[in-house]
Amino acid sequence: MTTPNKYKERILIVDDEKINIKILVDLLKDDYSLILARSGEQALKFSFQNPPPDLILLDVVMPEMGGYDVIKQLKENELSKDIPVIFVTALNSVEDEEHGLKLGAVDYITKPFSPPIVKMRIHNHLKFVHQHKLLDKLAYLDPLTEIPNRRRFDDVFQKEFSRATRNETALSTGMVDVDFFKQYNDHYGHAMGDRTLQGIASSLKYSLKRPADMVARYGGEEFVIILPETDSDAAMQVAERARRNVLALNIPHLYSVVADFVSVSIGIITFYPDKILTSVPSAESVLEQADKNLYIAKQNGRNRVVATVFGD
């Protein structure tokens, strides 16, 4: 029986001396995935890639661009600013170490070093990084449904709106509301209500087919969908699929006046940046239009989708 491959953290080793790189490679190759750079310029190139390395071992003294200059640029870039940097250098004065730590390094190791101590320091820093990433991930998840929360939605929607505006590509957004959910909670109880929201969240997530598409819990019984590079016809198809999938869960709702089972209403708005003749609207105004379409769907009988194009 084979065991699944364990994810190996990615360590970028930066040193202009081959022998120094070889020592670190021999020490770490069995436990980590290694990226090698012989200059400060190469280090920045690898650090700005997506995904970036999990940790950087950085020499201080290198030709053209030294380690201190490298870390300054790393800390100024959004993609690399949080990567922990450990200086591994022959500079061993207190002043050098203090300067390196002031620039943002998490540790300062002087050569010659003890291999077991270096391995343990690297292990401890990567363990901290892993815990930090877990906490960060939890901060963006809704604890009940385990899908992205409103905070995560706000971040992603702003980025997708900016990208759509910049590239002049369509962006569709949907607001989803569970029909007569108050009545459901009142008669079936909040425990059943929570289970129903979990089922709806999973169904909505299943309805999205592309990695870039996202569903988040907006609050209470409301959800929101982001569909990048999606025109109005495709957005309508996704929304209808989502509506049907929720209904197909066959969750009984005797106190709904529109269906025998739990259903949702959806408001969809599609934004075409290249068709806006006046000033570019805000992301908030586009989302408000999706909310208005949701209101119309509810006013027109619920368990339906209302979709429009922004500006029409």
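Quantities reported herein were computed from a predicted structural model and do not represent experimental measurements. (Residues numbered from 1 in each chain as written. Predicted model: local features only at pLDDT ≥ 70, side-chain atom pairs only at ≥ 80, totals over all residues. Heavy atoms only, no water.)

1. Here we look at the environment of Gly100
Condition: Secondary structure follows DSSP: runs of H or I at least 4 residues long count as helices, runs of E at least 2 residues long count as strands, and numbering of each begins at the N terminus. Each residue's exposure class comes from its accessible area (1.4 Å probe, protein chains only) as a fraction of the maximum for that residue type: buried when under 20%, exposed when over 50%, partly exposed otherwise. Working rule for contacts: check all heavy atoms of both residues, and any pair within 4.5 Å makes them a contact.
Its location among the elements puts Gly100 in helix α4 (residues 94-102). A residue is classified by how much of its surface remains accessible, and Gly100, at 0% relative accessible area, is buried. C-alpha of Gly100 to C-alpha of Tyr68: the two residues are 32 residues apart in sequence and 7.0 Å apart in space. In this structure Gly100 touches Tyr68, Phe87 and Ala105, once residues within four positions along its chain are discounted.

2. Some details on the sheet that holds strand β10 (residues 305-309)
What links the strands of a sheet is backbone hydrogen bonding, and the strands pair in either a parallel or an antiparallel sense. The cut-off we apply is this: Strand pairing is assigned whenever DSSP detects at least two bridges linking the two strands. Axes here mean lines fitted to C-alpha atoms, for a helix over just the part in contact, with angles spanning 0 to 180 degrees between N-to-C directions.
If you walk across this open sheet you meet the five strands as β7-β8-β6-β9-β10, and the pairing is mixed. With one partner strand each, in any of the chains shown, β7 (214-219) and β10 form the two edges of the open sheet. Within the sheet, the average angular offset between the axes of one strand and its neighbour, ignoring direction, is 20°. Pairing analysis gives five bridges linking β7 to strand β8 (residues 222-228), with the strands arranged antiparallel. Residue pairing across strands places Met214 opposite Ile226, the latter belonging to β8. Against the sheet, helix α8 (residues 190-207) engages β6 (171-178), β7, β8 and β9 (264-271), with an angle of about 10° to β8.

3. Side note on the sheet that holds strand β2 (residues 33-37)
Taken in spatial order, the five strands of this open sheet run β2-β1-β3-β4-β5, and their pairing is parallel. The sheet is open, and its two borders are formed by β2 and β5 (107-110), each paired with just one other strand. For this sheet, the mean angle separating the axes of adjacent strands, direction not counted, is 20°. In terms of strand pairing, strand β1 (residues 10-14) meets β2 through five bridges, oriented parallel. Paired with Leu12 across the bridge in β2 is Ile35. On the sheet, helix α3 (residues 67-76) packs against β3 (55-58), β4 (85-89) and β5 and is oriented at approximately 175° with respect to β4. Seen against the sheet, helix α5 (residues 115-139) touches β1, β3, β4 and β5 and runs at an angle of roughly 170° to β5.

None of the figures reported here should be taken as evidence of function without further support.
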